[in-house]
Amino acid sequence: MPRARLNRVRAEQRAFDSQIEGLLDEHAGEFVVFHDEQPVAFYPTHAEAYAAALKVYGSEGVFLVSQVKKRSPRLSQRLRAHT
């Protein structure tokens with residue numbers, strides 16, 4: 001993956017991580033599509049979220065699909081270490 005694209009993916013992950021607490025109130029358990037460091041849509045399944053993101057941003061687009069749920073501190077630390 002080119003460095004610029006990898007940096008954008010990392011930025012999407014950081015944005016998600018920084019906004020997770022606010023998202024939990026209304027969207028716990030749903031799957032969110034993040035683009036340009038903002039949540040843009042929520043779906044009941046990962047497959048629906050991913051398909052919608054591909055339709056809008058294409059296979060070369062940069063976006064993040066993640067479930068809105070509490071993460072253990074240990075998992076959060078490992079995710080940050082890889083971003």
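That block above? That's the structure.
Below, the structure is looked at part by part. (Residues numbered from 1 in each chain as written. Predicted model: local features only at pLDDT ≥ 70, side-chain atom pairs only at ≥ 80, totals over all residues. Heavy atoms only, no water.)

**Some points on the sheet that holds strand 2 (residues 38-43)**
Put simply, the test is: Note on pairing: two strands pair once DSSP finds at least 2 bridges between them. Strands here mean DSSP runs of E at least two residues long; helices mean DSSP runs of H or I at least four residues long; both are numbered from the N terminus. Axis definition: a line fitted to C-alpha atoms, over the contacting stretch in the case of helices. Angles run 0 to 180 degrees between N-to-C directions. Contact criterion: two residues are considered in contact whenever any of their non-hydrogen atoms come within 4.5 Å of each other.
If you trace the three strands from one edge of the open sheet to the other, you get 2-1-3, paired in antiparallel fashion. Both edges of this open sheet fall to strand 2 and strand 3 (64-67), since each of them pairs with a single strand only. The average angle at which neighbouring strand axes cross in this sheet is 30°, direction not considered. Both strand 1 (residues 31-35) and strand 2 contribute to a ladder of five bridges, which runs antiparallel. Across the sheet, the residue bridging to Phe31 is Tyr43, located in strand 2. Lying on the sheet, helix 1 (residues 3-27) is in contact with strand 1, strand 2 and strand 3; it crosses strand 1 at an angle near 140°. Across the sheet, helix 2 (residues 46-57) is in contact with strand 1, strand 2 and strand 3; its angle to strand 1 comes to roughly 25°.

**Some remarks on the environment of Thr45**
What counts here: Residue burial is assigned from relative accessible area. The probe radius is 1.4 Å, only protein chains are included, and a residue is buried under 20% of its type maximum, exposed over 50%, and partly exposed in between.
Relative to the helices and strands, Thr45 is located in the loop between strand 2 and helix 2. According to the relative accessible area criterion, Thr45 is partly exposed, its value standing at 31%. Between the C-alpha atom of Thr45 and that of Glu30, which follows or precedes it by 15 residues, the distance is 6.8 Å.

**What to know about the side chain of Ser66**
Turning to its location among the elements, Ser66 is positioned in strand 3. Setting aside residues up to four positions removed in sequence, Ser66 forms contacts with Phe16, Glu30, Phe31, Val32 and Arg71.

**Some points on the pattern of salt bridges**
Under the convention used in this document: Think of a salt bridge as a Lys or Arg side-chain nitrogen and an Asp or Glu carboxyl oxygen that are within 4 Å of each other.
Evaluated as defined, the whole model comprises one salt bridge. Close ionic contact of Arg5 with Glu60 constitutes a salt bridge, the shortest N to O distance being 3.4 Å. Placement of the pair is Arg5 in helix 1 and Glu60 in the loop between helix 2 and strand 3, with a sequence separation of 55 residues. A residue is classified by how much of its surface remains accessible, and Arg5, at 23% relative accessible area, is partly exposed. What makes Glu60 exposed here is its relative accessible area of 65%.

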